[in-house]
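Overview (structure and organization)
Below, each chain spelled out in residue letters.
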Amino acid sequence: MFAPGDAVAGVENHSIPGPDGPLRLRLYRGAAGPQLPLLVYFHGGGFVAGSLDTHDNICRCLARRAASLVISVDYRLAPEAPFPAAVKDACAALAWAHRHARELGGDAARIAVAGDSAGGNLAAVAAQHWRDHGPALRHQLLLYPITDWRADTESYRDFAKGYFLTWDLMNWFTRQYLPQAGLADDLRASPLRSRDLSGLAPATVITAEYDPLRDEGEAYAYAMREAGVAVELHRWPGMIHGFASMLGVLPAAEAALDTAAQALRHAFAAEILQQHEIRCLRINVVGAQQVEFLFALREIVVDRRDRLLIHRFSSVANVLALFFAFILDGIEEQAVIFFENGQTGFA
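Only a predicted model underlies this, so the values are computations on that prediction, with no experimental measurement involved. (Residues numbered from 1 in each chain as written. Predicted model: local features only at pLDDT ≥ 70, side-chain atom pairs only at ≥ 80, totals over all residues. Heavy atoms only, no water.)

**Thoughts on the overall build of the protein chain**
Scanning the protein chain from N- to C-terminus turns up 8 helices and 15 strands. Across the protein chain, the fraction of contacts at a sequence separation of at least 24, relative to all contacts at a separation of at least 6, is 72%. (Helix = DSSP H or I, 4+ residues; strand = E, 2+ residues; numbered from the N terminus. Contact = heavy atoms within 4.5 Å.)

In structure tokens, the structure reads:
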């Protein structure tokens, strides 16, 4: 029905010990080479539906476009396995990915979480858990996530019927996943209700204009930002819930996954640079001899062509050209970067 997603360097199926039996994973290798960043992905489906296959196209695109490994998690589903089974599986998969990153060809220092809808809920919950119990994550990518099961927002009322995901369907999902009264108050079910969102990994949140879940996803983005977390929020105009899966049908799906992958690349590249201490660079200055100077790198952005763009740097006046050769994991390209009164750009 939808386009299959990008070609990747390899796909492997794994089975790992889970909290209550074997847990299936699918590994997508988005690029060749060792020490790739690693993204743990949780599919959507209201905690009742969805599988490794239903979200194969999203995982392929993120793996290829973010030049990363993606581990898709086949967590247990309700009603056979209600809350908190999915949460336990998600945290177990994330811990396993961290422990086995090197043997998979990944970098344990560059791990992010992602998910859509119910999977976005699991990614947010896993990020909160990992903040308190694991090494720092590099990013969390949340596509139209469930963040609060109260279902009393304006977008729920405005788009209760006729926009693909309905209030009635969400109410049915709730009864399957949270069968006991009061479970919706658990922070592992409703991450928006947490009173402390400080210290979470930087986040990219993508919502859809005509989605009942729009307002709670955006409320979570604002709450994280208020707590000091770096957050990028994108509301996709004219779109419905689940649109990022609709490759080949909706052009917005491609654009949203491009945006998501770019955010991941930036997050992973920033971590690479934190592992390297840059002492000095050699510059050419018109009308002056070659000089060396200590260079304090503050921020870096990597575009989709794998070129390096210095976004903020120590002030250097009247520098016309800087030849910057730097080898990073997965990025091996010389870029000529021109400066004009502190401005930057590519040659």
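**Points about the environment of valine 48**
Following the sequence through the fold, valine 48 ends up in the loop between β3 (36–42) and α1 (56–65). Distance in space between the C-alpha atoms of valine 48 and proline 79 is 6.8 Å, their sequence separation being 31 residues. Beyond its immediate sequence surroundings of up to four residues, valine 48 is in contact with Leu77, Ala78, Trp172, Phe173 and Gln176.

**Considerations on α1**
Where burial is concerned, most of α1 is hidden: 8 out of the 10 residues are buried. Buried within α1 are the following residues: Asp56, Asn57, Ile58, Cys59, Cys61, Leu62, Ala63 and Arg65. (Buried < 20%, exposed > 50% of the residue type's maximum accessible area, 1.4 Å probe, protein only.)

**A few points about the pairing of strand β5 (residues 106–116)**
Most of β5 sits inside the fold, with 9 of its 11 residues counted as buried. Sheet topology places β3 next to β5; 6 bridges connect them, and they run parallel. Residue pairing for β5: leucine 36 is matched across the bridge by glycine 106. Across 5 bridges, the pairing between β5 and strand β6 (residues 139–143) is parallel. Paired with glycine 115 across the bridge in β6 is leucine 142. Handedness of the crossover joining β5 and β6 through helix α4 (residues 118–133): right-handed. (Pairing = 2+ DSSP bridges. Right-handed = clockwise from strand over helix to strand, strands pointing away.)

**Some thoughts on the sheet that holds strand β7 (residues 203–210)**
Ordered in space as β1-β2-β4-β3-β5-β6-β7-β8, the 8 strands form an open sheet in which the pairing is mixed. The strands lining the two open edges of the sheet, one partner per strand, are β1 (10–18) and β8 (231–240). The sheet shows a mean angle of 20° between the axes of neighbouring strands, taken without regard to direction. Where β3 and strand β4 (residues 69–74) come together, 5 bridges link them in parallel fashion. Within the sheet, the bridge partner assigned to phenylalanine 42 lies in β4 and is valine 73. Where α1 meets the sheet, it contacts β1, β2 (21–29), β3, β4 and β6, and its direction lies at approximately 50° from that of β2. Here α4 sits on the sheet in contact with β3, β5 and β6, set at roughly 140° to β5. (Axes fitted to C-alpha atoms, helices over the stretch in contact; angles between N-to-C directions.)

**Notes on the side chain of aspartate 215**
Among the secondary structure elements, aspartate 215 is positioned in helix α7 (residues 214–226). Among all residues touching aspartate 215, those that are not within four sequence positions of it are Thr153, Glu154 and Ser155.

**Overview of helix α2 (residues 85–99)**
With 15 residues, α2 extends 21 Å from end C-alpha to end C-alpha; this agrees with the ideal 21 Å at 1.5 Å per step. Taken across its 15 residues, α2 has 11 buried, putting it largely inside the fold. Taken residue by residue, α2 has Ala85, Ala86, Val87, Asp89, Ala90, Cys91, Ala93, Leu94, Ala95, Trp96 and Ala97 as its buried positions. (Expected span 1.5 Å × (residues − 1).)

**Digging into the confidence of the model for the protein chain**
Looking at the protein chain as a whole, the pLDDT averages 83, with 78% of positions reaching at least 70. Of the regions scoring below 50 in pLDDT, residues 271–347 engages in 132 contacts with residues more than four places distant in sequence or in other chains. (pLDDT = per-residue confidence, 0-100.)

**Considerations on the pairing of β1**
Relative to β2, β1 runs antiparallel, the two being bridged by 9 bridges. Across the sheet, the residue bridging to isoleucine 16 is leucine 23, located in β2. In sequence, β1 turns back onto β2 through a hairpin of 2 residues.

**Observations regarding unusual backbone geometry**
Between alanine 78 and proline 79 the backbone carries a cis peptide bond, its omega angle lying at 5°. With respect to the element layout, proline 79 can be found in the loop between β4 and α2. Look at alanine 67: it is not a glycine, yet its phi comes out positive at around 50°. Judged by its relative accessible area of 22%, alanine 67 falls in the partly exposed class. Positive phi outside glycine occurs at tyrosine 144, with the angle close to 30°. Relative to the assigned elements, tyrosine 144 resides in the loop between β6 and α5 (154–158).

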